[in-house]
Amino acid sequence: MTKGIHTIFLLLLLSILPIASCQVEQPVLDICAEQDNSVSAVKILAIGDSRVEGRTPHSESYRYHLWRNFKLNSWDVNFLGSRLDNGEYAPVDGLCFDNEHEGISGATSSLILSRVRTFDADNVADVILLGIGGNDISNGNVRIQQIINNIRLIILQLKELYPESMIIVEQIAPGKS
């Protein structure tokens, strides 16, 4: 992916993330089509804790709202990952939500660090969204410096696995968001 596309994608992502983190009730329809993930689709790998995974009906991941905004703006995106979100989401333009991710509710930075090499490196992501550290802080038993070191090591391993990928690190959200 060229630097120009990276810049455009980053600007769009930054403009959408504040909107994507809001929880909005969406009507769920029974019929939708699976996405046709073309080779030109921007491949996104979301990694992290419950903010990535979502725990419907208790909490939603930002991924649906982000995907929805991409689709409404005619962006061709493909979420990657070995885990599936089983929530019910409204289709967009007749397409089903692309529910793949690498989010684990309750995950700490040390858990994600131990799992980085298990992610599917054959399915190379253009963009990696990393949302981790909140559980370390809320548990209160991990020093801030250790959390920073774990995130740094996660990023280094991701860069080794995905040298061409753009990595975006999410700001740690407040505890009750």
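Figured I'd write up the structure that's included with this text. (Residues numbered from 1 in each chain as written. Predicted model: local features only at pLDDT ≥ 70, side-chain atom pairs only at ≥ 80, totals over all residues. Heavy atoms only, no water.)

**What about the overall build of the protein?**
- Along the protein, the regular secondary structure elements total 6 helices and 6 strands.
- Reading the protein from its N terminus to its C terminus gives the helix and strand order α-β-α-α-β-β-β-α-β-α-α-β.
- For the protein, the proportion of its 177 residues judged to be buried stands at 42%.
- Total accessible area on the protein stands at roughly 9,700 Å², and carbon and sulfur atoms take up 53% of it. (Helix = DSSP H or I, 4+ residues; strand = E, 2+ residues; numbered from the N terminus. Buried < 20%, exposed > 50% of the residue type's maximum accessible area, 1.4 Å probe, protein only. Areas by Shrake-Rupley, 256 points an atom, 1.4 Å probe, with all protein chains shown as cover.)

**What to know about the side chain of aspartate 49**
- Here aspartate 49 lies in the loop between strand E1 (42–48) and helix H2 (50–53).
- Among buried charged residues, aspartate 49 stands out as having no salt bridge; its nearest opposite-charge side chain is arginine 51, 5.7 Å away.
- Other than its neighbours up to four places away in sequence, aspartate 49 contacts Gly103, Ile104, Ser105, Ala107, Gly131, Ile132, Gly133, Gly134 and Asn135. (Lys, Arg positive; Asp, Glu negative; His and termini not counted. Salt bridge = Lys/Arg side-chain N within 4 Å of Asp/Glu carboxyl O. Contact = heavy atoms within 4.5 Å.)

**Focus on the packing of aromatic side chains**
- Counted according to the given criterion, the structure contains 6 aromatic pairs.
- Seen in terms of ring centroids, tyrosine 64 and tryptophan 67 are 6.0 Å apart; in terms of plane orientation they differ by 35°. Their pairing is tilted. Of this pair, tyrosine 64 and tryptophan 67 both sit in helix H3 (residues 62–72), 3 residues apart, roughly one helical turn. In this structure, tyrosine 64 and tryptophan 67 share a single accessibility class: buried. (Phe/Tyr/Trp six-rings, centres within 6.5 Å; stacked < 30°, edge-to-face > 60°.)

**Re the pairing of strand E2 (residues 77–80)**
- Of the two faces of E2, both are covered, the one formed by Val77 and Phe79 as well as the one formed by Asn78 and Leu80.
- Both E1 and E2 contribute to a ladder of 4 bridges, which runs parallel. Bridge pairing links leucine 45 to leucine 80 in E2. (Pairing = 2+ DSSP bridges.)

**Describing H3**
- Of all 11 residues in H3, 9 are buried; the element is thus mostly enclosed.
- Residue serine 61 occupies the N-cap position of H3, its side-chain oxygen lying 3.0 Å from the main-chain nitrogen of arginine 63.
- Positive phi appears at serine 74, one or two residues downstream of H3, with a value of about 60°. (Polar contact = N/O pair within 3.5 Å; in protein donor to acceptor, adjacent residues only side chain to side chain.)

**Quick look at the pattern of salt bridges**
- All chains considered together, the criterion is met by 4 salt bridges.
- One salt bridge in this structure joins glutamate 170 and arginine 51, with 2.7 Å as the shortest N-O distance. Taken together, the residues span a long stretch of sequence, with glutamate 170 in the segment after strand E6 (166–169) and arginine 51 in helix H2 at a distance of 119 residues.
- Judged by relative accessible area, glutamate 170 falls into the partly exposed class, the value being 23%.
- One salt bridge in this structure joins arginine 63 and aspartate 85, with 2.8 Å as the shortest N-O distance. With arginine 63 in helix H3 and aspartate 85 in the loop between strand E3 (83–84) and strand E4 (100–103), this residue pair connects regions lying 22 residues apart in the sequence. Take arginine 63 and aspartate 85: they sit in the same class, and that class is buried.

**As for the nonpolar core**
- Ile44, Tyr64, Trp67, Val77 and Leu129 are the most contacted members of the largest nonpolar core, which totals 20 residues.
- If you list the elements that add at least two residues to this core, you get E1, H3, E2, strand E5 (127–131) and E6.
- Ranked by the residues each element gives to this core, the list is headed by H3, at 5 residues.
- In terms of nonpolar packing, the next biggest core, distinct from the first, is built from 19 residues, Leu45, Phe119, Leu130 and Ile154 among them. (Core = buried A, V, L, I, M, F, W, Y, C linked by side-chain atoms within 4.5 Å.)

**Regarding the environment of isoleucine 167**
- In this fold, isoleucine 167 is placed in strand E6.
- The sequence separation of isoleucine 167 and isoleucine 128 amounts to 39 residues, and the corresponding C-alpha distance is 4.7 Å.
- Beyond its immediate stretch of four places on either side in the chain, isoleucine 167 contacts Ile128, Ile155, Leu158 and Lys159.

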